[in-house]
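If you want the building blocks of each chain, they are given just below.
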Amino acid sequence: MKNRLCLTAAAIACCLSPTFAGTPEIISTPAPTSPTKDLWIAARPDGHAPLGVMGEHLHHAGEWMLGYRYMLQHSEGLLQGDKSISTDALFKTTAPNGSHYTLAPLQMDMHMHMLELMYAPADFLTLMVMANYMEMTMDMFGSSHHGAHGATEETDHDHEPAKTFSSHTTSGWSDTSFTALIKIFNANRQAVHLNIGISAPTGDVGIKHGDAFVHYGMQLGSGTWDLLPGITYLGQTDHFSWGAQYSAIFRLEDENDSGFRFGDVHQVTAWAAWRINDWVSISGRAAYRHEDDINGHYKGSHNHSSPPDFQANYGGDFVDLGVGMNLRVPKGAFKNHRLAIEALWPVYQDVNGIQLERDWTLYAGWQWSF
């Protein structure tokens with residue numbers, strides 16, 4: 001893990017060198033006598049990172065920001081490590097408890113609605129609260145030959161084992177985070193700030209279908225108090241901006257009320273954006289995520305029939321590449337309103353055990369500073 005983080009950090013450091021400093025100026029900039037001419041500023045379309053990056057900018061003292069972000073993540077197909085595996089092969093694979101899998105996840109859609117409020121009591125400090133509402137749907141496939149249950153059956157005329165299909169959904173409020181963004185410095189059109197947050201376990205982790213707990217990954221929250229540390233670097237020229245962020249999730253409890261604990265998470269991301277004009281910017285981003293598997297075990301009845309029923313089939317290493325666009329209104333009735341969109345695609349996935357393969361992630365959102 002340490003080697004991966006070191007290599008990633010080194011790659012980001014190379015990529016973030018301000019090589020665009022000599023780009024000809026094609027849009028208006030602060031006058032040479034402006035006291036802000038050497039500061040990194042957020043009041044431009046590329047003054048915010050791509051939408052999938054959280055807690056990446058500060059506000060001036062007394063400023064507020066309201067925001068809404070929507071995320072849709074689609075997963076389909078199966079991976080064992082970094083290799084694809086068929087459902088037929090899955091049914092012949094030994095599960096962590098020594099039995100054979102009897103149900104295969106086919107696909108999953110995760111919808112997340114994120115409401116954010118930011119306020120800066122001082123120039124060096126911005127406070128952020130984020131609440132999340134989640135909806136998750138997973139489609140499953142099995143065969144009566146493998147003992148699948150809880151679904152309608154379709155039997156062919158040759159008396160082959162009946163195929164079964166099922167779908168289940170969970171929805172509700174997830175965990176709530178409280179974060180302080182603390183400025184370290186802002187000079188030479190570069191800035192660094194610390195991200196120090198805490199996640200409150202407001203999401204339900206006791207959801208059941210019938211008498212059995214649902215898959216671990218379809219619970220709505222972590223069920224534990226979590227520490228959310230990070231550090232963000234920003235830089236810009238007249239025409240370009242770039243940045244990088246390290247963030248983590250550290251579980252502060254050994255287990256939640258249902259008896260388990262999700263793994264710790266480490267994330268590194270870097271991006272660059274081109275300011276097309278005073279209204280629009282486009283961006284590119286790379287992101288790396290490492291997540292540990294689950295510790296503990298459900299306290300109560302739960303299934304052992306499919307990969308997401310087992311703690312060892314969570315976490316892994318993931319690399320995504322994405323493109324995005326920011327639209328910021330600089331004047332008029334909608335001044336300081338921002339619309340943004342970002343799409344990411346995985347270029348590398350090495351999962352623990354057997355898991356659904358992530359296909360793509362989409363972010364769309366609105367923010368208003370006042």
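Source: prediction; values computed, not measured.

Engineer: I keep staring at the overall build of the protein and nothing clicks. Help me out?
Structural biologist: Each helix and strand counted, the protein has two helices and 18 strands in total. When contacts within the protein are restricted to residue pairs at least 6 apart in sequence, those whose partners lie at least 24 apart make up 70%. Counting every atom, the protein has about 17300 Å² of accessible surface; 60% of that belongs to carbon and sulfur.

Engineer: For this particular structure, what's the right way to read the nonpolar core?
Structural biologist: One broad rule of soluble globular proteins: the nonpolar side chains tend to lie buried together. L78, M108 and M136 are the most contacted members of the largest nonpolar core, which has 30 residues in total. When contributions to this core are tallied by element, the ones reaching two or more residues are β1 (64-80), α2 (87-91), β3 (103-122), β4 (125-143), β17 (337-351) and β18 (354-369). Contact partners of M108, with chain neighbours within four places excluded, come to Q73, H74, S75, M136, T137, M138, G217, M218 and L356.

Engineer: What should I look at first to understand the pattern of salt bridges in this one?
Structural biologist: Two side chains with opposite charge may pair up if their charged atoms get near one another. Enumeration according to the criterion identifies ten salt bridges in this entry. Where D238 meets R189, a salt bridge forms, and the shortest distance between an N and an O atom there is 2.5 Å. Taken together, the positions of D238 in the loop between β10 (226-236) and β11 (240-251) and R189 in the loop between β6 (163-187) and β7 (190-200) put the pair 49 residues apart, joining distant regions of the chain. Its relative accessible area of 22% is what places D238 among the partly exposed residues. Notably, a salt bridge pairs E342 with R285, separated by 2.8 Å at the nearest N-O pair. Placement of E342 in strand β17 and of R285 in strand β14 (residues 280-291) is noted, with a sequence separation of 57 residues between them.

Engineer: Would you take a moment to explain a nonpolar patch on the surface for this structure?
Structural biologist: A surface patch of nonpolar side chains, about 750 Å² in accessible area, is lined by W64, L66, L117, V129, F178, L339, W366, W368 and F370. Listing elements by their share of the nonpolar patch, those giving two or more residues are β1 and β18. Relative to the assigned elements, L66 resides in strand β1. Exposure remark for L66: the relative accessible area of 32% places this residue in the partly exposed category.

Engineer: Please clarify how the packing of aromatic side chains should be interpreted in this entry.
Structural biologist: Any pair of aromatic rings gets described here by the distance separating the centres and the angle formed by the planes. Under the counting rule described, the total for this entry stands at twelve aromatic pairs. Geometrically, the ring pair formed by F213 and Y298 is stacked, given 4.2 Å between the ring centres and 5° between the ring planes. Pair noted here: F213 is in strand β9 (residues 212-213) and Y298 is in the loop between β15 (295-296) and β16 (316-328), with a separation of 85 residues, a long-range link. Aromatic ring contacts, followed pair by pair, group F213, Y216, F260, F262, Y298 and Y314 into a single cluster.

Engineer: Would you mind showing me how to read the confidence of the model for the protein here?
Structural biologist: Predicted coordinates in areas of low pLDDT are best not read in detail. Across the protein, pLDDT averages 87, with 85% of residues at or above 70. The model gives residues 145-159 a pLDDT under 50, and that stretch makes 27 contacts with residues more than four places away or in other chains.

Engineer: Can you walk me through the side chain of E291 in this structure?
Structural biologist: Assignment of secondary structure puts E291 in strand β14. Given a relative accessible area of 17%, E291 falls into the buried group. Of the polar contacts made by the side chain of E291, one reaches the side chain of R289; its length is 3.2 Å.

Quick notes on the rules
Residues numbered from 1 in each chain as written. Predicted model: local features only at pLDDT ≥ 70, side-chain atom pairs only at ≥ 80, totals over all residues. Heavy atoms only, no water. Helix = DSSP H or I, 4+ residues; strand = E, 2+ residues; numbered from the N terminus. Contact = heavy atoms within 4.5 Å. Areas by Shrake-Rupley, 256 points an atom, 1.4 Å probe, with all protein chains shown as cover. Core = buried A, V, L, I, M, F, W, Y, C linked by side-chain atoms within 4.5 Å. Buried < 20%, exposed > 50% of the residue type's maximum accessible area, 1.4 Å probe, protein only. Salt bridge = Lys/Arg side-chain N within 4 Å of Asp/Glu carboxyl O. Patch = residues over 30% accessible without salt bridge, like charges linked within 9 Å, V, L, I, M, F, W, Y side chains within 5 Å. Phe/Tyr/Trp six-rings, centres within 6.5 Å; stacked < 30°, edge-to-face > 60°. pLDDT = per-residue confidence, 0-100. Polar contact = N/O pair within 3.5 Å; in protein donor to acceptor, adjacent residues only side chain to side chain.

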